[in-house]
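# Structural characterization, general
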Amino acid sequence: MDKLARKDKDVVARIIDHRIKQDDLRQMLTALSEDDRDEFVVKVADTLRKTTALLEVSKQVSDTLSLDVLLPRTVTLISEFLDADRCTLFLNDQASSELFSRVAEGDLTHEIRFPNHLGIAGSVFKSGESAIIEDAYADDRFNQEVDRKTGYRTRNILCAPIKTGRGEIIGVAQVLNKNQGDFSPDDLDLLQVLTSQAASAFVNAQLHEDIERARRDESELLEITTAISQELQLEPLLQKIMETVTANLNADRSTLFMYDKKTDELWSHVAQGMETKEIRFPAHLGIAGSVFKSGETINIPDAYADDRFNQEVDKKTGYHTHTILCMPVINKQSKTIGVVQVLNKQGGPFRTKDELRLRAFTSQATIAIENAQLFEEVVSMKNYNESILESMSNGVITITADNEIATANRAALSLFRCVDQPEKLLGKSTESFFFGQNAWIAVTLDSVRSSGKTSVALDVELWLNQEEPSAASVNLSVLPLLDSKEQHIGCLLMLEDITKEKRLRSTMARYMTKEVADKLLEDGEAVLGGQTQKATILFTDIRSFTSISEVLGATETVRLLNDYFSIMVDIILDHNGILDKYIGDAMMAVFGAPFATSEDADNALQGAIEMVVALRRFNQTRVSAGEDPVHMGVGINTDEVLSGNIGSIKRMDYTVIGDGVNLASRLESANKLYGTKILISENTAQALRKDYRLREVDKIRVKGKNEPVSVFAVMDCHDEQSFPRMNEVLARYQHGLEHYHNRNWSMAQTLFAEALSLNPNDSVSGLYLKRCQHFHTTPPADDWDGIWTMTSK
């Protein structure tokens, strides 16, 4: 046997090479014992099997450089020669430190990847030691979940490192389930022989694949860079970038978020697969925010396992995010200008190669992005300047150094009546356009051009249309235009049309004093824009106007109102009030808006007194002419109100609103209940600076309000004829009112009756007399507070 051991290798080699004769072989076999002879035959057969396998492997791997072809061929041969159910070859990806294999699924190839230290294959790769595992489930390194998911049952495993001729480990061969029995050391020897034979082919194929991928990436990057560099519009550029990233990384969708420094937000106009036109969020939130702030790439193989991922987005959209690759977009100045986020790579998580490709692409894309942003800023500034000119109410005209009208905004075109025909103005020389009565403008332009100083002309007459002459009042400013070298490049004309202001000043004089009108025009927008202020509101209304108009007819009614309003409005304006509005036969006036003074309440009350006295004279004239007299009531209240331009876009009026206005209207109407001429609120009474004869009429709660208010009648509008024996009447009335509030109905009734006997027309005393008679027979509740609640407006 020892003799066989020394010679068997040489004999086997000679048999294989057909260099041993049959007689010599027969003689050799005869010299051996039966057991040695059987062992010798087995060794010859085993060596022949290995040699055949080597030859077949060499044949299969010698004609291809494609891993997609090479791996399946080698796997099939190993399975056949080792009589196993299946085999997998895992190659190491040095860039990602992963083991990978490619499995054919129909016409497609599926790639499997996992870290090169995991599982049995990872253990063999790291240790370089082969493994024969008789019971896979008894080995802690074996992942049983794979069998559970696939339904496959792994019994035994043969695993060996794939080594090159220099002993470098480039992968692992893993064979599963020997068809008969367990894997033996001879199987391991054969597996090592086969993989070592194929190792050089694997190395060449990987190298070839890397070279082809690099060449393809370089070509695609050049093509893409060329394409995006030609796009100057930011939004189409972002769209192109996203489409390119999605395609090149074989992903489902991607988003490019740009940083908005003004708002400290990340935004995107493009989000592939979503309908949102613009996405915005704080620059520190989420995965994108984390990448932007840290400047570090984030590669997430399982989005739902990462706390930074907001799952609510998926729930709202119905989309399911599996994998995420998020990378900062950095410019040449090493400044992060945005973040690119790619979702759901097809076939598994994003790899290191994906990161490298994305980084190379974004470094090129930043140039195009910043160019597009610069272009957008220039266009935006141009549009902004044009918008400013177009939105200006003043006309703006630019003149070139050659005295040609270059541009004109809409206000200028409108001023010269050529909005629909701008060619009547644009392109014309200043001498041909500004002639005749406007020739002074051309002279002014020459003066500014030669002196380099601004010229201003206020309230001058400008003739607008030489064909149909019409003039406008304008303020004209002519400014020289200079370039960065202080060289003259033209002039700018600024035309402020004050024609409407003059007309408005004239119109406003009908409603307010000249001083108020001037100040209102001066402070304009700030005053009219809306403000809360204290003011005194006056309402006046003609009594029984409907009956009067039915008797007079339309023509006479209009004449009556015009005569009546002319008198009343003049009195309001004389006392520094503003006529707010006409309400049929009623008027509303405001004292203290838009400009408040300490005498607003006095002005309103003195105006009301004068209005009543003037109406008495007006009625004397009507009676003498055989016409019926007119009666009115006045209500005044002082309170905080909201003043400003109120109305629709097409029509607005300056007015005041608020509860204070409503109370003044209620007081005017309450004159009918009490039979009085002028009623004022306690607010107005307290605001008065001068002395007046006021009569406390009641403490009322008007409809729609819970808080009661004391009401006073103004007696200064009366004389002995209109209110006889006033002093005596008011003395008894005041004592009667005190007994009334003390629930002394009998005494109050007596005093009110005496007052009424002195002046039978004193309706207030008559009203309280009736109340006392009622409460005498039907006393009020114990918690009666003397407040009278009005149930109507």
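Below is a summary of the structure that appears in this document. For every chain, the first residue of the written sequence is number 1, and numbering continues from 1 onward in sequence order. Side-chain atom pairs in this predicted model are given and counted only at pLDDT of 80 or more, local residue features only at pLDDT of at least 70, and totals for whole chains, interfaces and linings cover all residues. Note: side-chain values were computed over all heavy atoms of the structure, leaving out hydrogens and water.

### Structural notes on the overall build of the chain
The helix and strand labels rest on DSSP assignments: H or I over at least four residues marks a helix, E over at least two residues marks a strand, and numbering proceeds from the N terminus. Summing up its helical and strand segments, the chain has 24 helices and 26 strands in all. Partly exposed residues are those whose accessible area sits between 20% and 50% of the maximum for their type, while under 20% is buried and over 50% is exposed, using a 1.4 Å probe and protein chains only. Looking at the chain as a whole, 44% of its 793 residues are labelled buried. Once local pairs closer than 6 in sequence are excluded, the contacts in the chain between residues at least 24 apart make up 58%. To be clear on the numbers: accessible area is Shrake-Rupley with a 1.4 Å probe, and residue cover counts the displayed protein chains and nothing else. Carbon and sulfur atoms make up 50% of the accessible area of the chain, which totals about 42,500 Å². Throughout, a residue-residue contact means that at least one pair of heavy atoms, one from each residue, lies within 4.5 Å.

### Examining a nonpolar patch on the surface
A contiguous nonpolar patch, built from Met381, Tyr384 and Ile388 and spanning about 300 Å² of accessible area, is present on the exposed surface. Structurally, the position occupied by Met381 is in helix H11 (residues 352–391). Taking the relative accessible area as the measure of exposure, Met381 reaches 46% and is therefore partly exposed. Patches in this entry comprise residues that are over 30% relatively accessible and not in a salt bridge; like charges within 9 Å are linked, as are nonpolar side chains (Val, Leu, Ile, Met, Phe, Trp, Tyr) within 5 Å. Within this document, salt bridges are pairs made up of a side-chain nitrogen of Lys or Arg and a carboxyl oxygen of Asp or Glu, the two lying within 4 Å of each other.

### Observations regarding the sheet that holds strand E12 (residues 336–345)
Spatial strand order, E9-E8-E7-E12-E11-E10: six strands in an open sheet with antiparallel pairing. Single-partner strands in this sheet number two, and they are strand E9 (279–282) and strand E10 (298–300). Shown here is a sheet whose adjacent strand axes are inclined to one another by a mean of 20°, direction ignored. All axes are obtained by fitting lines to C-alpha atoms, using only the stretch in contact for helices, and the reported angles, taken between N-to-C directions, cover 0 to 180 degrees. Its contacts with the sheet place helix H9 (residues 286–294) against strand E7 (251–260), strand E8 (265–268), E9, E10, strand E11 (324–330) and E12, and it is angled at close to 140° to E12. Two strands qualify as a pair provided DSSP detects at least 2 bridges between them.

### A closer look at unusual backbone geometry
The amide bond that connects Ala593 to the next residue, Pro594, takes the cis arrangement and shows omega of 5°. Here Pro594 shows up in the loop between strand E20 (586–591) and helix H19 (600–624). In this structure, Asn177 takes a positive phi of about 55° despite not being glycine. One can find Asn177 in strand E6 (residues 169–178). The class of Asn177 is buried, set by a relative accessible area of 4%. Even without being glycine, Glu486 reaches a positive phi, approximately 65°. With respect to the secondary-structure elements, Glu486 resides in the loop between strand E16 (471–482) and strand E17 (488–497). The exposure class assigned to Glu486 is exposed, which follows from its relative accessible area of 57%.

### Points about the packing of helix H22 (residues 726–741) against helix H24 (residues 763–777)
One way to put it is that H22 packs onto H24 with a least axis distance of 11 Å and a crossing angle of 30°. In terms of orientation, H22 and H24 fall into the roughly parallel class. Along this stretch, H22 crosses H24, giving a crossing that reads as left-handed. Facing Val729, Tyr733, Leu737 and Tyr740 of H22, the residues of H24 in contact are Val764, Ser765, Tyr768, Arg771, Cys772 and Phe775. Residue composition of the contact of H22 with H24, by class: eight nonpolar, one polar and one charged. Here the word oblique covers every angle except those under 35 degrees (roughly parallel), over 145 (roughly antiparallel) and from 65 to 115 (roughly perpendicular). Handedness of each helix crossing follows the sense of rotation of the near helix against the far helix: counterclockwise by less than a right angle gives left-handed, clockwise gives right-handed. Any residue that is not Ala, Val, Leu, Ile, Met, Phe, Trp, Tyr, Cys, Pro, Asp, Glu, Lys or Arg is counted as polar, Gly included; the first ten are nonpolar and the last four charged.

### What to know about the side chain of Asn759
Position of Asn759 among the secondary structure elements: in the loop between helix H23 (745–758) and H24. Using a relative accessible area of 2% as the deciding quantity, one classes Asn759 as buried. Asn759 has contacts with Phe723, Pro724 and Val729, leaving out every residue within four places of it along the chain.

### Quick look at the sheet that holds E17
The sheet built from five strands is open, its strands ordered E14-E13-E17-E16-E15 with antiparallel pairing. With partners counted over all chains shown, the strands left at the sheet margins are strand E14 (405–408) and strand E15 (455–463), one partner each. If you compare each strand with its neighbour and ignore which way they point, the axes differ by 25° on average. Here strand E13 (residues 395–400) pairs with E14 via three bridges, running antiparallel. For Ile397, the partnering residue across the bridge sits in E14 and is Ala408. Packed on one face of the sheet, helix H14 (residues 439–451) meets E13, E15, E16 and E17 and runs near 20° to E16.

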